[in-house]
Structures are given as C-alpha cells and as structure tokens.
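These are the residues of each chain, in order.
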Amino acid sequence: MVDPLARLAAHEVSSAQLTEAREHLAKYGFTKLSFIVPEELKEAVAAEVLNLVGEAGVRRDLRFAATGNTLRRMRNVRRDEVVERSTVIPAVYESEALLALLSKVAGEAVLPCPYEPEQYVITRLEESGDTHGWHWDDYAFALVWIIECPAVEHGGFVQCVPGTTWNKENPEIHRAFLAGPTYSASFVPGDLYLMRTDTTLHRVYPITGGVRTIINMGYAATTDLDRHISHETMDALWAESAPAAPHIR
Ligand SMILES: O=C(O)CCC(=O)C(=O)O
Ligand SMILES: [Fe+2]
C-alpha cells in the first residue's frame, strides 16, 4: 500500500486553485478545499474516523451561555482518544506540506493549535435534531473533513456569518446575524473546507435523517499565540462525561 502521507508530501495543487480559495475565504469566511489532499489520504482519514467514532464516541447534549445558549447535540471523539487509537490523523495534522498549503490559502501562517484538546475532534450527528449550534471557535482556523453527510433535505449543511467577533461575556449572536449576510454551503463526503472560525459565526443545520460525520482540525494564527485564550466551551464539550447543563443561565 502506498503511504498516504508520502502522497500528501508529493501532492500538487495549482496556484489558480489556491488563489480562488484564498479569495473565497476572505469574502465568505470559509472555502471548500477538497483539492488540498490526495484521495488516498481522504480514504485513510475516513477509515480511522469511522473506526474511532464507533469505538470511542460519547453523546453530548449541551447549551452554552458563551454562545447565546445555542445547542450542541452530537457524538464526539476527543483528541486524546484519537491520538491513542490512530496513526494517520495525528501525522496529517502536523504535516508541514499541509500547513504550507493552508497558509497559502489563509494568506498568513496557519499553525498547530498550542492547546492540544482543540487540535482535532470527531463529531457525528446521528439523531433527528442533532446539531452543532451557532458558535465561534477559540482558534483562528478550522479544516473540516466531511466523512459522511446526509442529503440537504435532511439538513447537515453549514451556515456562517463572516466578519463577526466573539465576546464570550456577551455573545449577542442576534446582532451578529444583523451585521451581515448569512451564507449556507452543502458538502458531500470527501469534501474539505477551511473556515476562519474566530471571526465567522457558524453552525451545522440540524439533521432530520441520515448521519453526518466529520473531523475538525483546529489551527492557530500567529496572533493566537500571543493572547490569552480561554477554553470553557470546548473543555465542557469534550469533558469525560457530559455534565448536566453546565453553562445554562
Ligand atoms: O461540522 C462542521 O462542519 C463544523 C464543526 C465545528 O464548527 C466545530 O467543530 O467547531
Ligand atoms: Fe466551529
């Protein structure tokens, strides 16, 4: 079998593709990036994700005051469990070849997240009403790999409001909606997208059928390394056993 990471190092993308992606990211807060890795690597990552989510996933059903009490109803596998049980995913996350391509799309350095629990997480939406509700992320970028996804009739598509910022004490997400247009994008298994997640309010539309499985790889911008970042929503989200409604006010 060909080593999927060797394939990644040799993977070529055109400067036209990178330029188009950079412009889309700057305008819409996200860009589809399905060309950024070879198909063999997508297959290897998908195989590890599906294996992990079957073995180690934990159901969550939480609301967070820090994002205006929006819902997280999902199954997750945390970063530590991924590291223990897989080989390809941790290596891909740190791949210099991938980081260099992402940095070209972002127009600035895209760096591994200094806070390990936020480096990657697997999320599966599997029951009617499951959703990753409106939120911003703690770090600047997310690379999301779509492994399984229902047809749009059953929800599961991504919505976002670029150019918005997160005040954790007073999130005012309704004001963020009024600040600019909300964009919606659907993806299919095998797609990847990059989002500027600290300044793009985003969610996954609730599903009414099918299964949606992704792995989200979180990355930092240079400015994230200098400022203090609190991790309360993510720490609660990925806690060992989901506590009863920890953040409801
Ligand atoms: O599932 C997605 O497409 C987005 C996931 C997300 O926003 C997150 O994990 O923070
Ligand atoms: Fe997010």
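Since we're looking at a predicted model, the values are computed, not measured. Here, residues in each chain are numbered from 1, in the same order as that chain's written sequence. Working convention: letters from A go to chains and numbers from 1 go to ligands, in the order in which they are written. Note on the predicted model: pLDDT of at least 70 is required for a residue's local features to be given, and 80 or more for side-chain atom pairs to be given and counted; whole-chain, interface and lining totals, by contrast, use all residues. Working from all heavy atoms in the structure, the side-chain values ignore hydrogens and water.

1. So, the pattern of salt bridges
Piece 1. Only one rule defines a salt bridge in this text: a Lys or Arg side-chain nitrogen within 4 Å of an Asp or Glu carboxyl oxygen. What the rule picks out here adds up to 18 salt bridges.
Piece 2. Across the pair Glu55 and Arg85 runs a salt bridge whose closest N-O atoms are separated by 2.9 Å. With Glu55 in helix H3 (residues 39–56) and Arg85 in helix H4 (residues 79–85), the pair connects residues that are 30 residues apart, well separated along the chain.
Piece 3. One salt bridge connects Arg59 with Glu127, and the closest N-O pair in it is separated by 3.3 Å. Within this pair, whereas Arg59 is found in strand S2 (residues 58–64), its partner Glu127 is found in the loop between strand S5 (120–125) and strand S6 (131–135), the two being separated by 68 residues in sequence.
Piece 4. For Arg59, a relative accessible area of 26% translates into the label partly exposed.
Piece 5. Salt bridges linked by common partners bring Arg59, Arg75, Glu126, Glu127 and Asp130 together as one network. Counting from the N terminus, the helices are the DSSP runs of H or I reaching at least four residues and the strands are the DSSP runs of E reaching at least two. For the exposure calls, accessible area comes from a 1.4 Å probe over protein chains only, and a residue counts as buried if that area is under 20% of its type's maximum, exposed if over 50%, partly exposed in between.

2. Description of the coordination of the iron ion (ligand 2)
Piece 1. Donor atoms: N, O and S within 2.8 Å of the metal, or within 3.2 Å for Na, K and Ca. Because water is excluded, sites can look incomplete. Protein coordination at the iron ion (ligand 2) comes from His135 (NE2), Asp137 (OD) and His202 (NE2), with a distance range of 2.1 to 2.2 Å.
Piece 2. We note that the donor set of the iron ion (ligand 2) lies within a single chain, spaced as H-x1-D-x64-H. Separated by 65 residues along the polypeptide, Asp137 in the loop between S6 and strand S7 (141–148) and His202 in strand S11 (residues 200–204) bring together distant segments of the chain.
Piece 3. The buried category is assigned to Asp137, whose relative accessible area is 12%.

3. With respect to helix H6 (residues 96–106)
Piece 1. Within H6 the residues assigned to the buried category are Leu98, Leu99, Leu101, Leu102, Ser103, Val105 and Ala106.
Piece 2. Two to three positions downstream of the cap, the backbone nitrogen of Ala97 sits 3.3 Å from a side-chain oxygen, assigning the N-cap of H6 to Ser95.
Piece 3. Backbone geometry just after H6 places Gly107 at a positive phi near 75°. Polar contact is defined as a pair of N or O atoms within 3.5 Å, subject to the rule that within protein one atom must be able to donate a hydrogen and the other to accept it, and that residues adjacent in sequence are counted only when both atoms are side-chain atoms.

4. Focus: the pairing of S6
Piece 1. Taken across its 5 residues, S6 has 5 buried, putting it largely inside the fold.
Piece 2. Criterion used throughout: strands pair if DSSP finds at least two bridges between them. As defined by bridge partners, S6 adjoins S11 across 2 bridges and the pair is classed as antiparallel. By the bridge assignment for S11, His132 is matched with Val204.

5. A look at the state of the cysteines
Piece 1. The disulfide definition used here is simple: a pair of cysteine sulfur atoms within 2.5 Å. Using the criterion set out here, one finds 0 disulfides in the structure.
Piece 2. In this structure Cys149 is not part of a disulfide, and its nearest cysteine sulfur, from Cys160, lies 15 Å away.
Piece 3. A residue is classified by how much of its surface remains accessible, and Cys149, at 18% relative accessible area, is buried.

6. Points about the site of ligand 1
Piece 1. We call a residue near a molecule or strand whenever a single non-hydrogen atom of that residue lies within 4 Å of it. Taken together, His132, His135, Asp137, Val144, Val158, Tyr193, His202, Val204, Arg212, Ile214 and Asn216 make up all the residues around ligand 1.
Piece 2. Asp137 has a polar side-chain atom sitting 3.1 Å from an oxygen atom of ligand 1.
Piece 3. Here an oxygen atom of ligand 1 and a side-chain polar atom of Arg212 are 2.7 Å apart.
Piece 4. Shrake-Rupley sampling with a 1.4 Å probe provides the accessible areas, and residues are treated as covered by the protein chains on show and by no other component. Bound to the protein, ligand 1 loses 96% of the 290 Å² it would expose on its own.
Piece 5. Sorting the residues of the shell around ligand 1 by element identifies S6, S11 and strand S12 (212–220) as the ones contributing at least two each.
Piece 6. Ranked by residues supplied to the shell around ligand 1, first place goes to S12 with 3 residues.
Piece 7. Each residue belonging to the shell around ligand 1 can be placed in one class, and the counts come to 5 nonpolar, 4 polar and 2 charged. In this classification, Asp, Glu, Lys and Arg are treated as charged, Ala, Val, Leu, Ile, Met, Phe, Trp, Tyr, Cys and Pro as nonpolar, and every other residue, Gly included, as polar.

Keep in mind that these numbers describe shape and distance, not what the molecule does.
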